[in-house]
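Survey of secondary and tertiary structure
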Amino acid sequence: MPGHPAGGSAHPSTHSGHHKRRRRVRDTSEVSCCLKYVIFGFNVIFWLLGLGILAIGVWAWTEKDTFNNLSRLTNIALDPAFIFIWAGAVTFIIGFTGCVGALRENTALLASYAIFLAVLLLIEMTCGILGFIFKDWIKSQAKSGFQAFIVSYRDDPDQQNLIDWIQEGWLQCCGIEGPQDWDKNIYFNCSSAVVGSREACGVPFSCCKPKDDEIIKNKQCGYDVRKAGYSVDYTLVIYDRGCLRAGEEWVERNLVPVAAVAVAVSVLQILGICFAQNLRADIFAQKAKWG
């Protein structure tokens, strides 16, 4: 029987093997599923968190009828509801770009996500450096902001709840530099006694020291404590330390934990930027493979 050349029988199988290898390389994805879904998972959480914070801020403004009466926004930067709104909006936008960008492998959204994180990181670092350099200016701004809270204590329920939490729940203090600062509020001013204000020459209940056997907080515990003829030493009833000094002492006591949290947040943001850029590089490599 006539023989066939060895090269002729090997050529089709060799060509088929090369074709299969090229197809396997072409079908192999360059995009890391682990990286993709890590970015997606974390940003779903931030997306929902931002949506919740934004909803709380909008709800607070609705409860105060702010949308129908914008004249009430005398100091919008110190309005807790407004702070919730812009913080929630920023978190929502960043979470949205990272979540959808990773899920849809959209390089434009991933680039936006990385830019947002970089800008936010730059702002945080700038504020930290400036805050360390201009400590006296920060202190004066905190003092003026707290004073604005005192003046509008009875006018804005959000600011009232915030200052009550600062004085009672967080720093255990009273006023800016002491209880006498509550004279700046028309309801607690000693001259308000002539118009029948029961709170005249007093302080809010959040200035009062807790009693051991107290189950329900006495909302009238701060009445008359700043009057000259008050029956006992008022320092036994209310905090005599100002919130400004109390805040400075709190920062000094918790400097290491605060710094650790700041570093951890910065590291997470840097990782987010790196992960987004790596995923974009994988997507571009995959597109290049597809031709």
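This section reports on the structure supplied with the text.

Analysis parameters
Residues numbered from 1 in each chain as written. Predicted model: local features only at pLDDT ≥ 70, side-chain atom pairs only at ≥ 80, totals over all residues. Heavy atoms only, no water. Phe/Tyr/Trp six-rings, centres within 6.5 Å; stacked < 30°, edge-to-face > 60°. Helix = DSSP H or I, 4+ residues; strand = E, 2+ residues; numbered from the N terminus. Buried < 20%, exposed > 50% of the residue type's maximum accessible area, 1.4 Å probe, protein only. Lys NZ or Arg CZ within 6 Å of the ring centre and 35° of its normal. Axes fitted to C-alpha atoms, helices over the stretch in contact; angles between N-to-C directions. Parallel < 35°, antiparallel > 145°, perpendicular 65-115°, else oblique. Left-handed = near helix turned anticlockwise from the far one by under 90°. Contact = heavy atoms within 4.5 Å. Nonpolar A, V, L, I, M, F, W, Y, C, P; charged D, E, K, R; others polar. Expected span 1.5 Å × (residues − 1). Arc of directions from axis to C-beta. Lys, Arg positive; Asp, Glu negative; His and termini not counted. Salt bridge = Lys/Arg side-chain N within 4 Å of Asp/Glu carboxyl O. Polar contact = N/O pair within 3.5 Å; in protein donor to acceptor, adjacent residues only side chain to side chain. Disulfide = S-S within 2.5 Å.

Under the counting rule described, the total for this entry stands at 10 aromatic pairs. Between the aromatic rings of W61 and F82, the centroid separation amounts to 6.1 Å while the plane-to-plane angle is 20 degrees, which identifies the pairing as stacked. On the criterion of sequence distance, the pair formed by W61 in helix α2 (residues 33-63) and F82 in helix α3 (residues 80-103) is long-range, its members being 21 residues apart. Note on W61: relative accessible area 9%, which makes it buried. In this structure F82 comes out as partly exposed when scored by relative accessible area, which is 26%. An aromatic cluster is defined as three or more aromatic residues linked by ring pairs; in this entry it consists of W47, F92 and F96. We note K219 situated over the ring of F205; from NZ or CZ to the ring centre the distance is 3.8 Å.

Now for the packing of helix α5 (residues 135-151) against helix α7 (residues 243-253). Direction vectors running N to C along α5 and α7 enclose 135 degrees, while the axes themselves pass 10 Å from each other. By the angle between their directions, the pair α5 and α7 is classed as oblique. Regarding α5 and α7, the two cross each other, and that crossing is right-handed. In this structure, α5 contributes K139, A142, K143 and F146 to the contact, and α7 contributes C243, L244 and E248. Across the contact of α5 with α7, the residue classes break down as four nonpolar, no polar and three charged.

For α5, spanning 17 residues, the distance from its first C-alpha to its last is 24 Å, which sits close to the expected 24 Å at 1.5 Å a residue. All of the buried residues along α5 are G145, F146, F149 and I150. Axial view of α5: buried residues confined to an arc of 145 degrees, hence all on one face. Facing away from the buried surface of α5 by more than 90 degrees, the exposed residues are D136 and W137. For α5, the elements touching its buried residues are α6 (157-170) and α7.

This paragraph deals with the side chain of D164. Looking at where D164 falls in the secondary structure, it is placed in helix α6. Lacking a salt bridge, the buried D164 has R154 as its closest oppositely charged neighbour, with an N-O distance of 6.1 Å. At 2.7 Å, the side chain of D164 and the side chain of Y153 are in polar contact. Contact partners of D164, with chain neighbours within four places excluded, come to Y153, G169, P204, F205 and S206.

Before going further, it helps to examine the pattern of salt bridges. The full count for this structure, using the stated rule, is 11 salt bridges. K139 is the partner of E248 in a salt bridge, and the nearest nitrogen-oxygen pair spans 3.2 Å. One end of the pair, E248, is in helix α7; the other, K139, is in helix α5, and 109 residues separate them in sequence. Ionic pairing is found between D183 and R226, a salt bridge with its closest N-O pair at 3.3 Å. With D183 in the loop between α6 and α7 and R226 in the loop between α6 and α7, the pair connects residues that are 43 residues apart, well separated along the chain.

Moving on, we get to the state of the cysteines. Tallied over the entire structure, the rule returns four disulfides. Paired by a disulfide, C190 and C201 hold their sulfur atoms 1.8 Å apart. Across the S-S bond linking C190 and C201, the dihedral sits near 100 degrees, which makes this disulfide right-handed. Of this pair, C190 sits in the loop between α6 and α7 while C201 sits in the loop between α6 and α7, and the two are 11 residues apart along the sequence. For C190, a relative accessible area of 30% corresponds to the partly exposed category. C201 sits in the buried class, given a relative accessible area of 9%. Disulfide partners in the chain, listed by the sequence order of the bonded cysteines, are 1-8, 2-5, 3-4, 6-7. The thiol of C34 is not disulfide-bonded; the next cysteine sulfur, from C33, is found 8.8 Å away. Given the relative accessible area of 57%, C34 is considered exposed.

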